[in-house]
Every structure is written in structure tokens, then in C-alpha cells.
Amino acid sequence: MDAWHFTEMPYPYIPPHDQIDSMRVTLPNKLFDPKLGHELYNRYLDEYVIADELGLNIMVNEHHSSVVCVNAAAPLSLAILARQTKNARLLILGNPVANRDDPIRIAEEMAMIDCISGGRVECGMVRGVTYEVFASNANPTQTNERLWEGIDMVTRAWTEHEGAFSYEGKFWHKRAINIWPRPYQQPRPRIWITGTNDKENIKKVAREGHVFATFLSPYENVRKIFDLYRENYVSNGLPGGMAFMPLVYTADTDEEALKGADEIAWYLRTKSPAQFRNPPGYVGLEFNVNALKGTFTGRTDAIRAQGLEYLREQGVIIAGTPDSVIKQIKRLYDLVGGFDHFLMMQQAGFLDHKRTVASMTKFAKEVYPAIRELPSSHCARMQSAVQAAAQ
Amino acid sequence: MRKRPRKSLMSQTLKIEDAEIEVLRLGAGPPIVLLESEEQLERDLPFVAELAKSHDIIIPSPIGFGRSNRPDWVTNMDDISYLYLDMLRLLNISKATLVGFSLGGWIAAEMATKNDTHFKNLILVDPYGVKHGGPTDSDIADIWVLPQAEVTRRKWCDPANGKRDFASMPEEQLYIIARNTETFAKYCWNPYMHNPKLKKRLHGITIPAHLIWGAQDGIVDVAYGEKYRAAIPGATMTIIPEAAHLPHIERPDAFLRDLRNHI
């Protein structure tokens, strides 16, 4: 199993919830202090460099108009880390292709970073959460279709090498697609795609053989969607697999670990008004029919409102002493039927540099060696068989 | 013309290429093509039954609304208005009064700019569809960014008029409502609630046009309506007091009186 350090790069210095309407979309950016921002960006990048030195892999993501994540252009931070790190795999999870104006630009950015890093890019492609359609103005009824057309364009741009070609799709028309550079990894970097509720999309990710990732879901739900992925998986020639992200804090005592986890759980206690959580057409009709009936309570809001102990029992928080964290990961691994990538939100909210690095270090030195050898999923093994047969 | 008037709404499905358009008919007499608002609140209102005593009322559902199907290629009001013009030709309707409410008003304006030979006259009630101002002017209040309570306040003079009892509706009706909301966003998210070309096409409307506007409409205000009116040659406008975006629901008597004066 591979472990990945992750922070959304939050800007937490905002007024209390009762004094603001939203932490996303509409919060005035006069509340952003650029000097503080300068310190925060450099601090978070330092922590990624430390993750590399500790032998961990790296995951970045992006959001827009949000204090929860000010990594507003993730390819930029990934490019910096391509130069400043040596060994870590560099996962961007992901490029919001459904919300961006030009998928070919994404193909170029990723190919460049792949070349600079010597083939360390793991390329996420995401539909984007509900809030994102306000900043991007992508039509919320079409983000799924845009995601898949964008992936098709990027994949072709990476893998067609015989000169310029045209693409006339539903959403994008491009002529003379012929990216220089092409990716360092041949035939192309792996694609990762996220999901939680949309079963059809999870099946499609599996049938296309991409890596599937899900975040902060209770283990019973993770089991269901990982099973769905396993059942539908078809190899595309590159290793598939499954990834899960909980909040993670490792410390010398359970008390200290829960205190750290509680600070990271700032991420679960964000505030956004209803109109930004459910733009029209983002979720399926049945969800909105239930909303009209008053039986729709929001995706994971109910789970997230629970206490730390409950969240730890559900696998949404993994926190404790190194021995306890090893046990929690192995329990989760068994409960969800195995997975390949342990994505760790090890920093959020006001959790400071010193305590973030303390937890990362303890994890890397005392936990990671014990979980590294957990067998890779059925999908990765299936891939090995494909490769063996080909040789 | 039918000899016997239709006493209740009759439904038929009209197929044009792969589009299947639900068309409701009521009454008999000179035709009125009635294009509903995005919530399709009009079909059961008393004024429709009242008009049907002396008119043939034709109420189609746009693609993706009501029981019309939703072929993928239909993405904007251009597509809808061309389909509706095809529909009128197939139904052999001429000399009709074309009345549109809110989103339906936008569709009616689009149809009249493309081909107004089917129509005797045009009546628009608080329509969307045109952008008058500059890039940072919010001509049309953003119903997808404003809090729901604020949208309600802007849409209704008395918010009680907008209350709908979803809990007692059958499942099928709720699916239609949810799909209407979704389709509305598919067509109107970007560009927001307007066709950038329409403003430069309105001059071509040659039939008599009349606008009816709710004095307190906070989604598209009276000043917006005045500019809309000025863009259509010879158009007139009546402002209905104590009404917001849907004056025909909030002030039905005043609305029907004015409508009758202009049919």
C-alpha cells in the first residue's frame, strides 16, 4: 500500500461562522491577507518537501473561491514540487477538467510536469464538487459529460504522436492538437478519478481501468463502492486500483492524536449555504425528488456532524499512537475488502507546522513500514498478470 | 375549427424529428398559444379556463419540461423556438395570439423574431431573454446564487402566493418538477437567462406587441421591461401594481382585464 500526504492548503483566518454566510463562493477576498498567504503557501510547500524526504508520496488538489483550499491552481504547486522533491509520486487529484476551458492545456501542463519530475505524475481528473460550478460557470447539468469528453481529449493528446489532429466533440472543438512535450511516462501517466454516490460513474471508472478514489466516507459505503469498482474493473494496461482518504493524525498518546485529529476536523465543519451545495442538475433527479419530499439530508453532512469517536469507528478519522494507527488501517483495509492507496489529510484548519510535521514523521517512521506490505488490490494483481502474459 | 369545445385539458404528443412535444389543448375558437413559465404553473389557473370559453388554447411543454422528451441536441431557446414554429405549422395554426410568461415569454419573443406569420399579436408577461446592460450589470437577478428566501422575496409580492405543497403531490409530478428545474438550468445557466443575439433581433417583430409587467418584479424589474418594450417596434406595456414576477397569479383580475384588452 502506498501512502500520500495531503493538505488542501486552507486559509483559516476568517471570522467565526456566525459572522459570515459562506466559506465558499461569496466570501469577500478582502479577508485574505496576502502576507499571511505568502507564509502559508511556503509553509505547506515545505511540508510537502518534508513528506518527500520522509518517503511519503504527495497529493495536491484545487478549489476556487474557497478558504478551505487556496491551492487555486494545483498544477502550479505540482510544478514547484516536481523541482523540489526527489522521489515522491506526484498526485494531482485532480484537474477539474469539467470546469476548465481547455483540456488540451491540462494535457500540456501534465506532460511538462511529468518531464520535469522524471515521470512522477499521477494525473487525477475530477468532475468538481458542487461549489465549483459557480466559479467556473460550467453548466451543472453537464459536468459528468464534460469530464469524460475532457479525459478523452487529454488521453488522445498524450498518446497520438503522428502530428496535428482535430477534435470536434460536444463541448470542445480544437484543431491542430499536437502537444510538445509529450509525457515522460509512456504511453501516458495514470488517470485517477474520484466518486462517492454516482454508481454509474464508478462503474465507468472501473471499466476504463482508471484508479478510483473516494474521500471521507463511512467504511460500509466505501466497501459498497470499492466492490462495485472491483466487479466492473477492466485493465487498460496501466495499474488500476482504489484509494481512500481519511483525516489522519499520529502521535505518542491517543489523547494527543485525537486533539490533532480534532483540529484537522475543522475541514468537516465548514459553512456553505444551500444554493451552493445543490446547484440544479448536479445530482440526479431522484435526489431532488427526495429533496422536494423533505427526505434528502445532504450527502455526507449527517455523518460529518458526528463526534470524533464515531468518525474514528467509521474509518473517516484514523488517529492514535503508531500501533493504534496500524491497527485502524488494517481493520479498515479488511472492512472495505482491500485497497491500494492511503491518502492522508494530515493538515487542515489551524493545525500548525510543528505538529503537522510531528504527525507526518511519526507516521512515516513508525506506521508506514508496517502497512506498506499490505497486498495490493485484486485490480493491481490482475494488472501484473496482464503484464506477465504480455512478456 | 372544432365544432365541440374541449371542456378539459386534452393532451397529445407531437413528434418532430426525435423531439416529442407534449401539447395540451382546451376550448375552441380563435387560437391562443400559451407558453408557460419555467415552473409550468399556468395550465390550471382559472384565467386559462375563462379564456377557453371563447378560444382554442394551445399549451406546449418545451423540450425537457412537462412530459416532453429531452433529446440531447436541444440546448437553448433557439432550438425550442424553431421546434415550436414547426409545431404550429403541423397543427395548422394561424392568426394566433402568442402569450408567454417568464421563460415562456422569452420563447415567444424568440419565435416572433424568427417568423411571426402564424401570429395575430404577441403578449409577453415579465419575460427573460435579453441583456441590456454591460458586463458587470446584473440585468436579471441570479436565482442560482441568491439565497432561496431572497429569490422568493423577489419573485412574489406575497411569498404565500408561491407556496407549493410538494408533500401531497404524486411522485410523477415531483419528477416533472425536478426535471423542469434541471432543464431550466441546462438552457439558462450560461449565458445566464438570455440569448446575446435576441436584443438585435427584436426590431424585426412586425405584429402588434404588448408587455405586461409586475410592478414589484425583483427578478427582472420594470426598468428592464421598459427597455424590452422599447426594443420592439410599437410595443405597449401595462404595469400591474401589487404583483411581482408572476402578475397573472398575484393579480389575476387586473391581469385578465388587461390581457382581454390586447388579445
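Data block above holds the structure.
Residues numbered from 1 in each chain as written. Chains lettered and ligands numbered in written order. Predicted model: local features only at pLDDT ≥ 70, side-chain atom pairs only at ≥ 80, totals over all residues. Heavy atoms only, no water.

Peer 1: What am I meant to see in empty space enclosed by the protein here?
Peer 2: Vacant regions in the atomic arrangement are exposed by a probe of water-molecule size rolled over the atoms. Residue and element names in this part refer to chain B. Overall, the coordinates contain one cavity of 30 Å³ or more when judged by the stated rule. Here the largest cavity is characterised by a volume of approximately 40 Å³. What lines the largest cavity is simply Leu35, Glu36, Ser37, Gln40, Pro60, Pro62, Tyr84, Gly104 and Ile107. Partitioned by chemical class, the residues of the lining of the largest cavity number five nonpolar, three polar and one charged. (1 Å grid on protein atoms, 1.4 Å probe; cavity = no way out; pocket = protein on both sides within 12 Å on 5 of 7 lines; lining within 4 Å. Points joined across faces, edges and corners; volume = space filled by probe spheres on them. Nonpolar A, V, L, I, M, F, W, Y, C, P; charged D, E, K, R; others polar.)

Peer 1: Just checking my understanding: could you explain the packing of aromatic side chains for this structure?
Peer 2: Each pair of aromatic rings is reported with the distance of its centres and the angle of its planes. Applying the stated rule across the entire model yields 25 aromatic pairs over all chains. Centroid distance Phe171 of chain A to Trp172 of chain A: 6.3 Å. Interplanar angle 65°. Geometry classified as edge-to-face. Look at Tyr229 of chain A and Tyr233 of chain A: their rings are 5.7 Å apart centre to centre, the planes differ by 40°, and that puts the pair in the tilted class. With respect to burial, Tyr229 of chain A and Tyr233 of chain A carry one shared label: buried. Members of the aromatic cluster, each reached through a chain of ring pairs, are Phe134 and Phe276 of chain A together with Tyr128, Trp144, Phe184, Trp189 and Tyr192 of chain B. One cation-aromatic arrangement involves Arg127 of chain A over Tyr282 of chain A; the distance from NZ or CZ to the ring centre is 3.8 Å. Over the ring of Trp148 of chain A we find Lys204 of chain A, and its NZ or CZ is 4.5 Å from the ring centre. (Phe/Tyr/Trp six-rings, centres within 6.5 Å; stacked < 30°, edge-to-face > 60°. Buried < 20%, exposed > 50% of the residue type's maximum accessible area, 1.4 Å probe, protein only. Lys NZ or Arg CZ within 6 Å of the ring centre and 35° of its normal.)

Peer 1: Looking at this structure, I do not really get the sheet that holds strand 1 (residues 6–16) of chain B. What am I missing?
Peer 2: Two orientations exist for strands paired in a sheet by backbone hydrogen bonds: parallel and antiparallel. Residue and element names in this part refer to chain B. If you walk across this open sheet you meet the eight strands as 1-2-4-3-5-6-7-8, and the pairing is mixed. Two strands lie at the open edges of the sheet, namely strand 1 and strand 8 (236–240), each paired on one side alone. Averaged over all neighbouring strand pairs, the angle between strand axes comes to 20°, with direction disregarded. Relative to strand 4 (residues 56–60), strand 2 (residues 19–27) is paired through four bridges, and the arrangement is antiparallel. Counterpart to Leu24 in the pairing with strand 4 is Ile59. Contacts between helix 3 (residues 103–114) and the sheet are confined to strand 3 (31–35), strand 5 (96–101) and strand 6 (119–125), with strand 5 contributing the most and set at about 140° to the helix. (Pairing = 2+ DSSP bridges. Helix = DSSP H or I, 4+ residues; strand = E, 2+ residues; numbered from the N terminus. Axes fitted to C-alpha atoms, helices over the stretch in contact; angles between N-to-C directions. Contact = heavy atoms within 4.5 Å.)

Peer 1: Looking at this structure, how should I read the pattern of salt bridges?
Peer 2: Two side chains of opposite charge can pair, provided their charged atoms sit close to one another. Taken as a whole and judged by the stated rule, the model has 39 salt bridges over all chains. Linking Glu200 of chain A and Lys203 of chain A is a salt bridge whose minimum nitrogen-to-oxygen distance equals 3.2 Å. Within this pair, Glu200 of chain A and its partner Lys203 of chain A are both found in helix 6 (residues 199–208), separated by three residues, close to a single helical turn. The salt bridge partner of Glu263 of chain A is Arg355 of chain A, with a shortest N-O separation of 2.6 Å. Separated by 92 residues along the polypeptide, Glu263 of chain A in helix 8 (residues 254–264) and Arg355 of chain A in helix 14 (residues 353–371) bring together distant segments of the chain. Through salt bridges with shared partners, a single network forms among Asp78, Glu110, Lys114 and Arg201 of chain B. (Salt bridge = Lys/Arg side-chain N within 4 Å of Asp/Glu carboxyl O.)

Peer 1: Mind showing me how you'd approach the interface of chain B and chain A here?
Peer 2: At the junction of the two partners, chain B supplies 18 residues and chain A supplies 22 residues. Both sides of the chain B and chain A interface together cover about 1,800 Å² of buried area, and 65% of this is carbon and sulfur. When the buried area of chain B at its contact with chain A is split by residue, Tyr175, Glu182 and Trp189 of chain B rank highest and sum to 34% of it. Our count for the chain B to chain A interface comes out at two salt bridges. A salt bridge links Asp72 of chain B to Lys170 of chain A, with the shortest nitrogen-to-oxygen separation between them at 2.6 Å. Along the contact surface separating chain B from chain A lie eight residue pairs in polar contact (both at pLDDT 80 or more). Considered class by class, the residues forming the side of chain B that touches chain A number eleven nonpolar, two polar and five charged. (Buried area = accessible area lost by both parts, 1.4 Å probe. Polar contact = N/O pair within 3.5 Å; in protein donor to acceptor, adjacent residues only side chain to side chain.)

Peer 1: What is the right way to read the layout of surface pockets from this model?
Peer 2: Residues and elements named next belong to chain B. The computed volume of the second largest pocket comes to approximately 530 Å³. If you trace the second largest pocket, you find 26 residues lining it, with Ser138, Ile140, Ala141, Asp142 and Tyr192 closest to the centre. Partitioned by chemical class, the residues of the lining of the second largest pocket number 13 nonpolar, six polar and seven charged.

Peer 1: Hey, could you run me through the side chain of Asp56 of chain B in this one?
Peer 2: Residue and element names in this part refer to chain B. Turning to its location among the elements, Asp56 is positioned in strand 4. Polar side-chain contacts of Asp56 include one of 2.8 Å to the side chain of Arg25. Look past the residues within four positions of Asp56 in its chain and what remains in contact with it is Arg6, Arg25, Leu26, Gly27, Ala28, Gly29, Pro30, Pro31 and Ile32.

Peer 1: Explain the packing of helix 6 of chain A against helix 7 (residues 219–232) of chain A here, please?
Peer 2: Axes are the key here: two packed helices are described by the angle between their axes and the distance separating the axes. Residue and element names in this part refer to chain A. Orientation of helix 6 relative to helix 7, taken along the N-to-C sense of each, is 40°, at an axis distance of 8 Å. On the basis of the axis angle, helix 6 is oblique to helix 7. Taken as a pair, helix 6 and helix 7 cross one another with a handedness that is right-handed. Judged by residue contacts, Lys199, Ile202, Lys203, Val205, Ala206 and Arg207 of helix 6 engage Ile225, Leu228, Tyr229 and Asn232 from helix 7. The residue makeup of the contact of helix 6 with helix 7, split by class, is six nonpolar, one polar and three charged. (Parallel < 35°, antiparallel > 145°, perpendicular 65-115°, else oblique. Left-handed = near helix turned anticlockwise from the far one by under 90°.)

Peer 1: When you look at the pairing of strand 1 of chain B in this model, what are you seeing that I'm missing?
Peer 2: Look at any regular strand and the pattern is simple: side chains alternate between the two faces of the sheet. All names here are of chain B. Note: strand 1 against strand 2, eight bridges, orientation antiparallel. Note on strand 2: the bridge partner recorded for Gln12 is Val23. Between strand 1 and strand 2, which pair antiparallel and follow one another directly, the connecting turn spans two residues, one of which, Glu17, has a positive phi of 50°.

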